[in-house]
Amino acid sequence: MSDLSSATAEPACLIEAVNVDKSYKTKREVIRVLDQMSLKILSGEILGIVGASGVGKSTLLHVLGGLDKPLVGSVLFRGKDVYKQSNGYLDNFRNRHIGFVFQFFNLLPDFTALENAMFPAMIRNQERKLAKERAEYLLCEVGMKDRMHHKPSEMSGGESQRVALARGLMNQPDLLLADEPTGNLDRHASDQLLDLIRKLNQEFKQTFVIVTHSQRVAGELDRVMELVGGKVGPIQRDLVI
Ligand SMILES: Nc1ncnc2c1ncn2[C@@H]1O[C@H](COP(=O)(O)OP(=O)(O)O)[C@@H](O)[C@H]1O
Ligand SMILES: [Mg+2]
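The rules behind each value
- Residues numbered from 1 in each chain as written.
- Chains lettered and ligands numbered in written order.
- Predicted model: local features only at pLDDT ≥ 70, side-chain atom pairs only at ≥ 80, totals over all residues.
- Pairing = 2+ DSSP bridges.
- Helix = DSSP H or I, 4+ residues; strand = E, 2+ residues; numbered from the N terminus.
- Buried ≥ 20, exposed ≤ 12 C-beta atoms within 10 Å, placed from the backbone.
- Near = placed C-beta within 6 Å.
- Nonpolar A, V, L, I, M, F, W, Y, C, P; charged D, E, K, R; others polar.
- Axes fitted to C-alpha atoms, helices over the stretch in contact; angles between N-to-C directions.
- Contact = placed C-beta atoms within 7 Å.
- Parallel < 35°, antiparallel > 145°, perpendicular 65-115°, else oblique.
- Left-handed = near helix turned anticlockwise from the far one by under 90°.

Provide a residue-level description of the pairing of strand β2 (residues 30–42), including the pertinent values.
Here strand β1 (residues 13–25) runs beside β2; their pairing, made up of 9 bridges, is antiparallel. In the strand pairing of β2, Ser 23 is matched with Arg 32.

Explain unusual backbone geometry to me, and be specific about the residues and the numbers.
Phi is positive for Phe 105, close to 70°, though the residue is something other than glycine. One can find Phe 105 in the loop between β6 (98–101) and α4 (113–123). One non-glycine residue with positive phi stands out, namely Gln 172, at about 45°. Examined against the element boundaries, Gln 172 turns out to sit in the loop between α6 (157–169) and β7 (175–179). Its 15 C-beta neighbours within 10 Å are what place Gln 172 among the partly exposed residues.

How would you summarise the site of ligand 1 if you had to cite specific residues and measurements?
Taken together, Tyr 24, Thr 26, Ile 31, Val 33, Gly 51, Ser 53, Gly 54, Val 55, Gly 56, Lys 57, Ser 58 and Thr 59 make up the full set of residues adjacent to ligand 1. Only β2 and α2 (57–64) provide two or more residues apiece to the shell around ligand 1. The element contributing the most residues to the shell around ligand 1 is α2, with 3 residues. When its residues are assigned to classes, the shell around ligand 1 shows 4 nonpolar, 7 polar and 1 charged.

Give a description of the sheet that holds strand β10 (residues 231–233) that names residues and reports values.
Read across the sheet, 6 strands follow the order β6-β7-β8-β3-β9-β10 without closing on themselves; strand pairing throughout is mixed. The sheet is open, and its two edges are formed by β6 and β10, each paired on a single side. Averaged over all pairs of adjacent strands, the angle between their axes in this sheet comes to 20°, without regard to strand direction. With 5 bridges connecting them, β7 and strand β8 (residues 207–211) associate as parallel partners. Counted as the bridge partner of Leu 176 is Phe 208 from β8.

Could you give an account of the sheet that holds strand β5 (residues 80–81), naming the residues involved and the relevant values?
Within the open sheet, the 4 strands sit side by side as β2-β1-β4-β5. Their pairing is antiparallel. The sheet terminates laterally at β2 and β5, the two strands that pair on one side only. Two elements, β1 and strand β4 (residues 72–77), share 5 bridges in a ladder whose sense is antiparallel. Directly across from Ala 17, in β4, lies its bridge partner Val 75. The sheet contacts of α2 involve β1, β2 and β4, and relative to β1 the element is tilted by about 125°.

Describe the packing of α4 against α6, and please don't skip the residues or the numbers.
Two elements in contact, α4 and α6, have axes separated by 7 Å at closest approach and are oriented at 30°. For the element pair α4 / α6, the angle class is roughly parallel. For the pair α4 and α6, the crossing hand works out as right-handed. Taking contact as the criterion, the partners of Ala 113, Asn 116, Ala 117, Phe 119 and Pro 120 in α4 are, on α6, Val 163, Ala 166 and Arg 167. Considered class by class, the residues forming the contact of α4 with α6 number 6 nonpolar, 1 polar and 1 charged.

Shape is all these values report; function is a separate question.
The following block contains the structure:
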């Protein structure tokens, strides 16, 4: 019986948000974005998050990734509350354990694609030669082999997005949080990117949370949840693209 129970055991929870509240205060109002929001992300899964524009998807990723401390509630990474650890923990958590693909890329304008992709490895003091090799490998994988020495101003939105993905994967994070990573890509580039995500997931058990507006992309993922009314739950409506 014990064999059976271990064979059917649930994958471990990698990161968990528990009863998170997050609001923004402007001069005129308080915008409640996350409201007692709870979410478990399992090790090795590719989770999709959908939801209307302005509902708080980017905010949710920032909170999960240690970039934005919630007012109330906690974010547990392997059981540890990331916002309640000693100095330096969060920087290390973000650099070593989390990869981020921002909705608006956030590439450094004076750096080339290669330097941007290498950046997280430079922060962790990895040897330059090793960092360069991995950045080159990742840039080839995302179809940017011929644009490695271009700066962001010399790249299209889709190219910047792919460089941002390479940068997010640079330090082999446990969890990659990707904010609409195919938003600027055509069908072919988007399929290529999904293939890479699937490959990294299968080969390295890389865990992903992917915010998307695309029904086609959502259909490729292991599990899809919707953010609505400040909470994450099962999808309540047909996805509209
Ligand atoms: N820094 C901020 N200050 C004030 N309001 C913000 C800020 N960031 C986001 N918001 C508001 O919070 C809501 C959720 O934003 P966001 O997480 O970017 O949504 P989504 O990614 O789902 O489009 C929106 O109404 C947005 O206008
Ligand atoms: Mg957003």
